[in-house]
Structures are given as C-alpha cells and as structure tokens.
Amino acid sequence: MTATPPAGSETGTAGPGGGRPRRRAIVILASVGVVAFLADLLTKHLALQALSDREPVKLLGGAVYLSLTRNSGAAWSIGSDHTWIFPLITMAVIGWIGWMALRLRSVPWGVSLGLVLGGALGNLADRIFRAPGHFVGHVVDMISLFDPYGQVWPVFNLADSALVCGVVLAVFLELTGRQRDGSRLGRKQPAAQAPVEQRERA
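Conventions adopted
Throughout this description, residue numbers start from 1 for each chain and increase along the sequence as written. Under the rules for a predicted model, residues below a pLDDT of 70 receive no local features and side-chain atom pairs below 80 are neither given nor counted, while totals for whole chains, interfaces and linings still include all residues. In computing side-chain values, all of the structure's heavy atoms are included and hydrogens and water are not. Per the convention used, a helix needs a DSSP run of H or I reaching at least four residues, while a strand needs a run of E reaching at least two, with both numbered from the N terminus. Only protein chains enter the accessibility calculation, which uses a 1.4 Å probe. A residue is then buried if its area is under 20% of the maximum for its type, exposed if over 50%, and partly exposed in between. Surface accessibility follows the Shrake-Rupley procedure with a 1.4 Å probe radius. Residue values consider only the protein chains on display as shielding. Two N or O atoms count as a polar contact when they lie within 3.5 Å, although within protein this holds only if one can serve as hydrogen donor and the other as acceptor, and sequence-adjacent residues are included solely when both atoms are side-chain atoms. Here, residues are in contact when the closest pair of their heavy atoms is within 4.5 Å. Two distance rules govern patches: like charges are joined within 9 Å, and nonpolar side chains (Val, Leu, Ile, Met, Phe, Trp, Tyr) within 5 Å, applied only to residues with over 30% relative accessible area and no salt bridge. The salt bridge definition used is simple: a Lys or Arg side-chain nitrogen within 4 Å of an Asp or Glu carboxyl oxygen. Under this scheme, a helix contributes an axis fitted over its contacting stretch, all axes are lines through C-alpha atoms, and angles between N-to-C directions fall in the 0 to 180 degree range. Here the word oblique covers every angle except those under 35 degrees (roughly parallel), over 145 (roughly antiparallel) and from 65 to 115 (roughly perpendicular). Helix crossings fall into two classes, left-handed where the near helix is turned counterclockwise from the far one by less than a right angle and right-handed where it is turned clockwise. Side-chain classes are defined by residue name, with Ala, Val, Leu, Ile, Met, Phe, Trp, Tyr, Cys and Pro counting as nonpolar, Asp, Glu, Lys and Arg as charged, and the others, Gly among them, as polar. Think of pLDDT as the predictor's per-residue confidence, scored from 0 to 100.

A few points about the overall build of the protein chain
Argument step 1. In terms of regular secondary structure, the protein chain is built from 5 helices and 3 strands.
Argument step 2. The order of helices and strands in the protein chain, counted from the N terminus, is α-β-β-α-α-β-α-α.
Argument step 3. A total of 202 residues make up the protein chain; the buried ones form 34% of that total.
Argument step 4. Entry remark: accessible area of the protein chain is about 12,300 Å², with carbon and sulfur atoms responsible for 65%.

Okay, here's the thing in structure tokens:
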C-alpha cells in the first residue's frame, strides 16, 4: 500500500516542519531588514552632512521639504521627557518579530516584518548611540510634508517610513486572510487524495 504523502506536498508548500518556504521567508525578512536599516543610516548621514546649519530645502513645489531635526520623543515630540522608554519599546518590538518568525513561511509576511525590523533598528541605533547619551539619544529626522517645520505632518525619516509601510502591509495581509505560515483563511483546502485502489486502476 502506498503511503499518503504529507499535507501540502502536492502544492509545493511545506507542512509545519517544511524547510524551504521557511528558509525563503526568513531570508527575505533578514534581507529587507538589513536593506532598510542601512538605507536609514545612509540617509541620516547624508542629512547631517548636507542639511546642518541651513534652511529647509524645498522640493516638489513645497509638497516635500528636507528639514533636519532631532527628536527626543515620538511623532509630534510625544514623550520627549521620557526618551528612555522608546528603546525599551523598540526592543520589545524586535523580540515580537523574533517570535513571529518562528512560524514564518510567507514571503509577504517576511517583507512586512523585515520593514518593521529595519525601521525599528534604525531608530534604536539613534536612541542608543547619538547625543545626548546612551539610550536617551535623539532621532535624526529630515522629511517634512507640506511645511518646512512639521506643522502639517511630523518630520520623519526613512526608518519611520519603513515602519509604517511594514505595518500597513501587515494589516493588508491580515484583512485578506494571509497567514504567517503561508496558509490563507477562507480558501478551500485541496480535496483528499483518492483511495489507493482508484489510483492503482488509473
């Protein structure tokens, strides 16, 4: 009698212990995270070199301004008197991503979590290593929308953009039923295999 193959083997997706989809998703998560982190470091370095001690740079007819600021808090300087709490929150987020990765076999989820990871690491590096001191460092921001000084929208950086894009993608994946293990809610499962004797007659 021929043994029934493991679930998911016919569709090319691995079961709970499948290695290939998991490796691919983890590689995507790590790659996106590293690229987002390095891109954030580069743009902050360029901003510090080019925008220090100068007026904001107007782009796209005033839709975007490059305006260097250092933020001790969150958006709109929320929590600026408690800077030390933001590294703790960020490390908790990174730990949460590690926990999510234990069952990760979905490439779109890998992209989402990678964006969140890269953004979190970018701002965490500022909190730890920049002035005025370790774990109370101010985040370097440089992008302002519709106003040179963040009066319409908080001044942000590439790490913030990666975080927002990652969260938006995660919400979209949840709303469309896509799961971290590669399955999809609401989609009919493949029909059970025919009995052994029917396969033999075929």
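A look at the environment of arginine 24
Argument step 1. Its place among the elements puts arginine 24 in helix H1 (residues 20–51).
Argument step 2. C-alpha of arginine 24 to C-alpha of serine 106: the two residues are 82 residues apart in sequence and 8.3 Å apart in space.

Regarding the side chain of asparagine 157
Argument step 1. With respect to the helices and strands, asparagine 157 occurs in the loop between strand E3 (139–145) and helix H4 (158–175).
Argument step 2. A polar side-chain atom of asparagine 157 sits 3.0 Å from the main-chain carbonyl oxygen of valine 140.
Argument step 3. Reaching out from asparagine 157, the side chain makes a polar contact with the side chain of aspartate 141 at a distance of 2.8 Å.
Argument step 4. Those residues in contact with asparagine 157 that lie beyond four places of it in its chain are Asp40, Lys44, Asn123, Val139, Val140, Asp141 and Met142.

Structural notes on a nonpolar patch on the surface
Argument step 1. A cluster of nonpolar side chains, Trp84, Ile85, Leu88, Ile89, Met91, Phe135 and Val136, forms an exposed patch at the surface whose accessible area comes to about 610 Å².
Argument step 2. Mapped onto the fold, isoleucine 85 is located in helix H2 (residues 85–100).

As for the packing of helix H3 (residues 107–129) against H4
Argument step 1. For the pair H3 and H4, the least separation of the axes is 7 Å and the interaxial angle reads 155 degrees. When the axes of H3 and H4 are compared, the pair comes out roughly antiparallel. Considering the relative orientation of H3 and H4, their crossing is left-handed. Of the residues in H4, those in contact with Pro108, Trp109, Val111, Ser112, Leu115, Val116, Gly119, Ala120, Gly122 and Asn123 of H3 are Ala159, Asp160, Ala162, Leu163, Cys165, Gly166, Val167, Leu169, Ala170, Leu173 and Glu174.
Argument step 2. Its residues assigned to classes, the contact of H3 with H4 comprises 14 nonpolar, 5 polar and 2 charged.

Considerations on the confidence of the model for the protein chain
Argument step 1. Looking at the protein chain as a whole, its pLDDT mean stands at 86, while 81% of the residues score no less than 70.
Argument step 2. Every residue in residues 5–17 is under pLDDT 50, and counting partners more than four places away or in other chains gives 11 contacts.
Argument step 3. Per-residue pLDDT stays below 50 along residues 192–200; that stretch engages in 8 contacts with residues further than four places along the chain or on separate chains.

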